[in-house]
Each structure stands twice: as structure tokens, then as C-alpha cells.
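# Tertiary structure, described
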Amino acid sequence: MKRIYLMKGKIEKEITQTRYSINNHLDKIHTDIMKQLDSLEEKEIEQIDTLLILLKNKENEINEFQQKILKIKKYATDLQTFLHMKQLEDEVSVRENFLDLMVDKEQFQDHDLSYDVTAAIHKFVKDIHSFGVVTLTTKPSHIDLKRKKTKQVHMQVPHSLSKSVNSIKLKLKLIVDSTGEKHWAFENECVLKEPRGISVDNDGNVFVVGNESNNVVVLSADGKQHKELLKASENLLYPYTLDYNRSTNELLVANASGKAMLFTVDY
């Protein structure tokens, strides 16, 4: 058994090491692909920021041209207007060439990020279903067992008639304290038949169930007084046991059928 236990421990270590190696490798390639993704994102954001700056500059230049045109129309003569407009046309042509150049360089095209899972990863997820196979092989044992002759023992048991435990009955004969001193005896079977349970309250009063008399009787601490507290008409059917809770002044009574009842005891 110890040998099997050691083998099991060795296999568990090998499986754990395999899992550790796979985890490390997956962590590494995961880190690499995330770095690649971050790099592409940063590059694209940088290009977009550069383009926005250029467009902002061109917007400012256009605003300046508009201001110049307004001033020319307002203050310049026809000849001055003609000359300035010619100059503005040349500058606008340069800006148009700039925009055409940006379009040719695909500055305004949409760029999308995409991800293609390596075929080997798909194959790994689809084809790998276990770490391996654990097998149990059988080979000759080196343990040598020698059989000893067995001794046969014959016993003769005398035949006798056994009595059923159901025939055993109890009769409450006396009450004694923890020192064994006799206090009193109660033998009135007209009141109590076949007592099965007994419990004592804080004042020394004794509660007893009568299994055959189907009742619960309380006896005073000196045994001189008694009172029937419960009887068959109050759902008692072969009461079997009872227990008095001294903390809550509650009495628990159970029938042989398994039904139990909890009563509050008022004094």
C-alpha cells in the first residue's frame, strides 16, 4: 500500500509540473500578443494625432485666407484685388496639392484591428482532452506467503428457551439520592403502570410516564402526593419517555410512535 501511495505522489507531481509548463508557455505567448496589440494601437493613435494636427493647421490657414479676402474686398482697388487674388489662388493651389498628397498616401483611410488565432491553438483546444493516461500494471510480487494449518474449535451450546425483551417490565419501587439513600417508594399501579421515563424539576418533584396507563404523573419530592397531569385523551399513546428542562420549565413527552409534545409547566 505504501508503494502505491508513493507512486501516486510521483504521478501527481509530474501532472502538476506539466500543467505548470503549459501555463508558463501560454502566459508568455499571451503577453507577446498583448504587447503586439498595444504597439499597433499606439502607432495608430499617433498617426491619427499627427493628422489631426495637420488638419488643424490647415483650418487656421483657411481662416487667414478668408480674413485676407474680406480685407481685400473692403479696402483694395480693383488692380490690387486682382493681384492679391492671383496670389491667393497660387497659395490655395499649394494647399490643394497638399491634400491630394495626403489622400494619395492613404492618410484618410479607415484602419481596422483584427485577430487570427493560430491554427495550433485551435488544434490544441479541439484535440487535447487529457494530460495522459494513468494505468495499473500487474507483475509478480516478491512477497512469499506461507499457509499455516488452521485449528478447528467445536463448541456445544446448550439449548435453552430465550425470553423476549418485550416481556421485560419496570415498576417504580423507590427513589434514592446520589448517595444511595432510600427516600420513598411508589407502588400504586392504579395510577401508574409500566413507568418508562423519569425526570425531576428544580423543586425535586418527579415526573413519570406510564406506558400502559397512558399518562404522565407527577410525584411530590417526599412521595406522599401525586397528580395525573396528562392522560390518554390528551394524545398520549404508549408514552415512552420524557424530559424536564429546568431552565425553561418545559416538559417534553414522546410516544412510542415517535410523536413528541412540548408542554409549559406552570406552578
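Structure: see above.
Quick look at the structure, then.

Criteria and cut-off values
- Residues numbered from 1 in each chain as written.
- Predicted model: local features only at pLDDT ≥ 70, side-chain atom pairs only at ≥ 80, totals over all residues.
- Heavy atoms only, no water.
- Helix = DSSP H or I, 4+ residues; strand = E, 2+ residues; numbered from the N terminus.
- Areas by Shrake-Rupley, 256 points an atom, 1.4 Å probe, with all protein chains shown as cover.
- Core = buried A, V, L, I, M, F, W, Y, C linked by side-chain atoms within 4.5 Å.
- Buried < 20%, exposed > 50% of the residue type's maximum accessible area, 1.4 Å probe, protein only.
- Pairing = 2+ DSSP bridges.
- Axes fitted to C-alpha atoms, helices over the stretch in contact; angles between N-to-C directions.
- Contact = heavy atoms within 4.5 Å.
- Polar contact = N/O pair within 3.5 Å; in protein donor to acceptor, adjacent residues only side chain to side chain.
- Salt bridge = Lys/Arg side-chain N within 4 Å of Asp/Glu carboxyl O.

Counting its secondary structure elements, the protein chain contains three helices and nine strands. Along the protein chain, helices and strands appear, N-terminal first, in the series α-α-α-β-β-β-β-β-β-β-β-β. For the protein chain, the computed accessible surface area is about 23100 Å², with 55% contributed by carbon and sulfur atoms.

Core analysis: the largest hydrophobic core is formed by 12 residues, namely Phe207, Val209, Val216, Val218, Leu230, Leu236, Leu242, Tyr244, Leu251, Val253, Met261 and Val265. At the level of secondary structure, the elements contributing two or more residues to this core comprise strand S4 (206-210), strand S5 (215-219), strand S7 (239-245) and strand S8 (250-255). Formed by seven residues, the second largest nonpolar core is a distinct cluster that contains Phe186, Val208, Val217 and Leu219.

The next subject is the sheet that holds strand S9 (residues 260-264). Pairing within the open sheet is antiparallel, and its three strands lie in the order S7-S8-S9. In the strand order of this sheet, the two ends are held by S7 and S9, each with one partner. Between one strand axis and the next, the sheet turns by 20° as a mean value, whatever way the strands run. Pairing of S7 with S8 involves six bridges; the strand directions are antiparallel. Note on S8: the bridge partner recorded for Tyr244 is Leu251.

Once that is clear, we can look at the pairing of S5. With five of five residues buried, S5 is to be regarded as a mostly interior element. Residues Asn215, Val217 and Leu219 line one face of S5 and the alternating positions Val216 and Val218 line the opposite face, and both faces are buried. Where S4 and S5 come together, five bridges link them in antiparallel fashion. Paired with Phe207 across the two strands is Val218, which belongs to S5. Where S4 folds back on S5, the antiparallel hairpin that results is connected by four residues, among which Asn214 adopts a positive phi of roughly 50°. Bridge analysis of S5 against strand S6 (residues 226-230) gives four bridges, and the strand direction is antiparallel. Residue pairing in the sheet places Leu219 in a bridge with His226 of S6. Count of turn residues in the S5/S6 antiparallel hairpin: six residues, of which Gly223 carries a positive phi of about 80°.

Let us look at the environment of Glu44. By the element assignment, Glu44 lies in helix H1 (residues 2-75). When the C-alpha atoms of Glu44 and Asp112 are compared, they prove to be 9.7 Å apart, with 68 residues separating the residues in sequence.

Moving on: the side chain of Asn211. As for its position among the elements, Asn211 is in the loop between S4 and S5. Those residues within four positions of Asn211 in sequence are excluded, and the remaining contacts are Lys193, Glu194, Arg196, Tyr238 and Pro239.

Another point: the side chain of Ser199. Its place among the elements puts Ser199 in strand S3 (residues 195-200). Ser199 sits in the buried class, given a relative accessible area of 9%. In terms of polar contacts, Ser199 uses its side chain to reach the backbone amide nitrogen of Tyr244, at 2.9 Å. In this structure, Ser199 is in contact with Asn205, Val206, Phe207, Leu242, Asp243 and Tyr244, ignoring residues within four places of it in sequence.

Let us now look at the pattern of salt bridges. Throughout the structure, instances matching the rule amount to four salt bridges. Two residues, Lys28 and Asp32, come together in a salt bridge whose shortest N-O distance is 3.3 Å. Separated by four residues within a single helix, Lys28 and Asp32 lie in helix H1, roughly one turn from each other. What makes Asp32 partly exposed here is its relative accessible area of 37%. Arg196 is paired through a salt bridge with Glu194; the nearest N and O atoms lie 2.6 Å apart. A residue is classified by how much of its surface remains accessible, and Glu194, at 11% relative accessible area, is buried.

Its identity as a non-glycine residue notwithstanding, Asn235 has a phi of 65°, on the positive side. Here Asn235 shows up in the loop between S6 and S7. Residue classification places Asn235 among the partly exposed residues on the basis of a relative accessible area of 49%. A positive phi is found at Asn249, a non-glycine position, where the angle reads about 55°. Looking at the element boundaries, Asn249 is found in the loop between S7 and S8.

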